Amino acid sequence: MLFIDFSSAFNTIIPQQLINKLHLLGLNTSLCNWILDFLTGRPQSVRVGHNTSSTTTLSTGAPQGCVLSPLLFTLLTHDCTAKFSSNHIIKFADDTTVVGLISNNDETHYREEVPQLVEWCGANNLSLNVSKTKEVVMDFRRNSVDHPLLTIDSSAVERVSSTKFLG
């Protein structure tokens, strides 16, 4: 299982790209326009104590802490699906897990799924945070085999014995 961590997932949403996907899903134009209006031209400033920064206008991303943001991210990633039937991609807001069934010592489909996911991320303005991405290997055989480390963009993914599964 590969537990994916995206870098600033909600902040990277490109509104027009999301709207195009929503149209493909069949959402009506009025709702799409409302969402586009919600995501673009948002004023933001930061306050620390009695000091407030100047206001800047954001036209990418979804507001942090907003109930709608996880839903919008989920809709953005609806087309991120497994290429091989032996793999499953489980998503819960911005937490994504690739589950691959390895049988007969053949890891090919699981290992080929990862570059497909990386390519999908690139096309959808998402960046994988490899240093926070973790892999868990569960081998129930009596004589387990050493599996080579998984790499993403030439960086080895840390293999751990346990992690939190939020999906």
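Residues numbered from 1 in each chain as written. Predicted model: local features only at pLDDT ≥ 70, side-chain atom pairs only at ≥ 80, totals over all residues. Heavy atoms only, no water.

**Q** Explain the side chain of Thr96 residue by residue, including any values.
**A** You can see Thr96 is positioned in strand E7 (residues 95–100). Those residues in contact with Thr96, other than ones at most four positions away along the chain, are Leu2, Phe3, Ile4, Phe6, Ile89, Ile90 and Lys91. (Helix = DSSP H or I, 4+ residues; strand = E, 2+ residues; numbered from the N terminus. Contact = heavy atoms within 4.5 Å.)

**Q** Can you break down the environment of Leu31 residue by residue, with the values?
**A** Examined against the element boundaries, Leu31 turns out to sit in helix H2 (residues 29–39). Here Leu31 falls in the partly exposed class, since its relative accessible area comes to 38%. Along the primary structure Leu31 and Leu117 are separated by 86 residues, whereas in three dimensions their C-alpha atoms are 29 Å apart. (Buried < 20%, exposed > 50% of the residue type's maximum accessible area, 1.4 Å probe, protein only.)

**Q** A description of the packing of aromatic side chains should follow, citing residues and the corresponding values.
**A** As enumerated under the stated definition, the model contains 3 aromatic pairs in all. Aromatic rings pair up to connect Phe6, Phe10 and Phe73 into one cluster. (Phe/Tyr/Trp six-rings, centres within 6.5 Å; stacked < 30°, edge-to-face > 60°.)

**Q** Before we move on, could you go through the nonpolar core and cite the residues and values that matter?
**A** Judged by nonpolar contacts, the single largest core of 30 residues is most densely connected at Leu2, Phe6, Leu18, Ile35, Phe73, Cys121 and Ile152. Residue contributions to this core peak at 5 residues, all from helix H4 (residues 108–123). Those residues in contact with Ile152 that lie beyond four places of it in its chain are Leu2, Val114, Val118, Leu128, Val130 and Val157. (Core = buried A, V, L, I, M, F, W, Y, C linked by side-chain atoms within 4.5 Å.)

**Q** Let's hear about the state of the cysteines: which residues, and what values?
**A** In the structure shown here, the tally under the stated rule is 0 disulfides. Here Cys80 stays unpaired: no disulfide links it, and the sulfur of Cys121, its closest cysteine neighbor, is 6.2 Å away. (Disulfide = S-S within 2.5 Å.)

**Q** Before we move on, can you summarise the layout of surface pockets with the specific residues and values?
**A** Taken as a whole, the largest pocket spans an internal volume of roughly 410 Å³. Around the largest pocket, the lining comprises 21 residues; the ones closest to its centre are Gly100, Ile102, Val137, Met138 and Asp139. Secondary structure elements with two or more residues in the lining of the largest pocket: E7 and H4. Split by residue class, the lining of the largest pocket holds 10 nonpolar, 5 polar and 6 charged. Space inside the second largest pocket adds up to approximately 180 Å³. Lining the second largest pocket are 13 residues, with Phe3, Ile4, Asp95, Thr163 and Lys164 sitting closest to its centre. Contributions of two or more residues to the lining of the second largest pocket are made by strand E1 (2–4) and E7. The greatest single-element share of the lining of the second largest pocket, amounting to 3 residues, is contributed by E7. Partitioning the lining of the second largest pocket into residue classes produces 4 nonpolar, 4 polar and 5 charged. (1 Å grid on protein atoms, 1.4 Å probe; cavity = no way out; pocket = protein on both sides within 12 Å on 5 of 7 lines; lining within 4 Å. Points joined across faces, edges and corners; volume = space filled by probe spheres on them. Nonpolar A, V, L, I, M, F, W, Y, C, P; charged D, E, K, R; others polar.)

**Q** Please give an account of the sheet that holds E7 that cites residues and values.
**A** Ordered by their spatial adjacency, 5 strands build an open sheet running E6-E7-E1-E8-E11, and the pairing between neighbours is mixed. Two strands lie at the open edges of the sheet, namely strand E6 (87–92) and strand E11 (158–159), each paired on one side alone. Both E1 and E7 contribute to a ladder of 3 bridges, which runs antiparallel. Pairing of Ile4 across the sheet is with Thr96, part of E7. (Pairing = 2+ DSSP bridges.)

**Q** Can you break down unusual backbone geometry residue by residue, with the values?
**A** Even without being glycine, Ala93 reaches a positive phi, approximately 55°. Along the chain, Ala93 falls in the loop between E6 and E7. With a phi angle near 60°, Asn125 is a residue other than glycine that sits in the positive phi range. Position of Asn125 among the secondary structure elements: in the loop between H4 and strand E8 (134–135). For Asn125, a relative accessible area of 37% gives the class partly exposed.

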